[in-house]
Amino acid sequence: MEFYLEQHPANPYMRPFVTATQKMIGDNPDALYYFAPLNLSMSPSQQGYILTGTLTQEETYMSVTLYGASTQTGFAETVVSEINSIDLMGRRRQDEDEDQDDRQRTKDHQQQQEEEETRQQRRYTVYLTPEKPSSSFFSDGEGSAWLRMNTNVTCVITRHYFERAGTPAQNDPTLNLDLHIRPYYDSGLSSSSSASSSSSSASSSSSSPSSSSRLAAVALPPPDDADMARRLRLVADFVRSHTFGRPPRDPTKAPPWFSFEPNVIGKPTMWSNPESNVTGGMGAPDIAYGAGYFKLNPGEGLEITGRMPEKCVFANVVLW
C-alpha cells in the first residue's frame, strides 16, 4: 500500500521495503532497502527522475538498480541498469580499526566544518533518464552519474550495506538515510543517438547545475474515485504477482550458488552470471551469493571458513 496506494509514479518517494517488522524477498539484517515505483508513460511531459542522497560514515556499499517487468507491479524480469557506490563515488573501505568513540565526542566548530565538507563530498546524484543529460551536468570530480531508463522500467531499488557492531542496521530506528527522488523535466538532454547502452555513465561532480525546474516535486491533485480504484488494483496486482501468482518452481533446480547438499554452501557466484539460472527477481548484479541448507545433530555446530576477495567491500553470513 505504501508503494502503490499512497504515492504516484509521477511523483514518487523512496520507501523502505524491509524493516524490523516488514519483510519482502530475501533480506539482509545489515542492509537497508528502499523502493519507489517508476513509470515514464504516466506523465508525458516528464523526462525521467533524479535520485539524490548522501553516503553515511558506516555505509560500506550502496547501489541503485532499475528493474523492468511486463506489468507495472509485476515480478521483476530484468535489470535495465545499475550503478554502485564504488563506481559512483570511488569509495574505499573504511579502516576497521577506526576509533568509534572519537565520533561520539563533542565536536568543535572546526570539526563541524570539516564534517560538513566531508558530507558534501559524499553526496551523490543519479539521473534516471532515457537519454544522457548534456555535458553541462557533469564536470571533473565524483558523485554524479546517469542510468539509462526506458518505458519498461517499473521500479528503482537502492541497497545500503553497513558493517557495524551491535544493533543491525535494520533494527536501528535512529538510522535515517538522506535519500530522495524527484521527477525530471529539464529540456537540456543530449539528442545524440550514439549514447552507450551500458548501465551507467562515468561519475562526475557531486553538484548538478542549479535549476529548480530540474528537480521539483509535482503538485498532484487529490486522487478521485477512478484514480483510487486504479491504485487499489495496483496493490492487489502487486501482492498477487509476488505471492501465489508466481509460477511454481522446480525443487530440483536452483542457481549454481545454491547447494542442495546439507552443510555445504554453493560456490559464490555473481547473481547476474548468465549461467546462474536466475529468471527474474530483485537480485543485485554486482553481488555474489552463496547459500545452502544446514542439518545438525544435537551438540553439533557448523564451522564456515573462507577467504575475502581482494576487492570485496562487504560480506556477511545470514541464517534464514
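This section reports on the structure supplied with the text. (Residues numbered from 1 in each chain as written. Predicted model: local features only at pLDDT ≥ 70, side-chain atom pairs only at ≥ 80, totals over all residues. Heavy atoms only, no water.)

**Points about the sheet that holds strand S9 (residues 179–184)**
Each strand in a sheet pairs with another by means of backbone hydrogen bonds, the pair being arranged parallel or else antiparallel. Our working rule: Here the rule is simple: two strands pair whenever DSSP picks up at least two bridges between them. Secondary structure elements follow DSSP: runs of H or I no shorter than four residues count as helices, runs of E no shorter than two count as strands, and numbering proceeds from the N terminus. Simply put, an axis is a line fit to the C-alpha atoms, just over the touching stretch for a helix, and the angle between two N-to-C directions goes from 0 to 180 degrees.
Judged by pairing direction, the sheet is mixed, and its four strands sit side by side in the order S7-S6-S3-S9 without closing on themselves. Only two strands of the sheet have a single partner each, and these edge strands are strand S7 (144–148) and S9. Direction aside, the axes of adjacent strands within the sheet are offset by 20° on average.

**Topic: the pattern of salt bridges**
Put simply, the rule is: Each salt bridge in this description consists of a side-chain nitrogen of Lys or Arg and a carboxyl oxygen of Asp or Glu lying within 4 Å of one another. Note on classification: 1.4 Å probe, protein chains only; a residue is buried when its accessible area is under 20% of the maximum for its type, exposed when over 50%, partly exposed between these limits.
Scanning the model with the defined rule gives six salt bridges in all. Where Arg164 meets Glu58, a salt bridge forms, and the shortest distance between an N and an O atom there is 3.3 Å. Here Glu58 lies in the loop between strand S3 (48–54) and strand S4 (59–68) and Arg164 lies in the loop between strand S8 (153–162) and S9, a separation of 106 residues in the sequence. Given the relative accessible area of 22%, Arg164 is considered partly exposed. With a relative accessible area of 22%, Glu58 lands in the partly exposed category. As a salt-bridge pair, Asp227 and Arg230 come within 2.9 Å of each other at their nearest N and O atoms. Here the residue Asp227 and the residue Arg230 both occupy positions in helix H3 (residues 225–241), the gap between them amounting to three residues, near one helical turn. On the basis of relative accessible area, Asp227 is assigned to the buried category, the value being 17%. Each of Glu58, Arg164 and Asp172 takes part in salt bridges that share partners, so that together they form one network.

**Let's talk about the sheet that holds strand S2 (residues 31–37)**
Ordered in space as S1-S2-S8-S4-S5, the five strands form an open sheet in which the pairing is antiparallel. This sheet does not close on itself; its edge strands, each paired only once, are strand S1 (15–16) and strand S5 (78–84). The pairing of S4 with S8 spans nine bridges and is antiparallel. When the bridges of S8 are listed, Thr65 appears paired with Ile157.

**Considerations on the packing of aromatic side chains**
The condition is simple: Geometry of aromatic contacts follows a simple scheme: Phe, Tyr and Trp rings, the Trp one being its six-membered ring, pair when their centres are within 6.5 Å, and the pair is stacked under 30 degrees between planes, edge-to-face over 60, tilted otherwise.
Taken as a whole and assessed by the stated rule, the structure comprises ten aromatic pairs. Their ring planes at 80° and their centres at 6.1 Å tell us that Tyr127 and Tyr184 sit as a pair that is edge-to-face. Placement of Tyr127 in strand S6 (residues 123–129) and of Tyr184 in strand S9 is noted, with a sequence separation of 57 residues between them. What makes Tyr127 buried here is its relative accessible area of 1%. We classify Tyr184 as buried; its relative accessible area is 0%. Ring-pair connections join several aromatic residues into one group, and the members of that group are Phe17, Tyr33, Phe35, Tyr61, Tyr161 and Phe314.

**Considering empty space enclosed by the protein**
Selection criterion: A 1.4 Å probe that fits into a set of points on a 1 Å grid over the protein atoms alone but cannot get out defines a cavity; an open set with protein on both sides within 12 Å along at least five of seven lines defines a pocket, and lining residues are those with an atom within 4 Å of a point. Grid points are joined across faces, edges and corners, and a volume is the space filled by probe spheres set on the points. Side-chain classes follow a simple rule in which Ala, Val, Leu, Ile, Met, Phe, Trp, Tyr, Cys and Pro form the nonpolar group, Asp, Glu, Lys and Arg form the charged group, and the remainder, Gly included, forms the polar group.
Applying the stated criterion across every chain yields a total of one cavity of 30 Å³ or more. Volume-wise, the largest cavity comes out at about 30 Å³. For the lining of the largest cavity, the class distribution of residues is five nonpolar, four polar and no charged.

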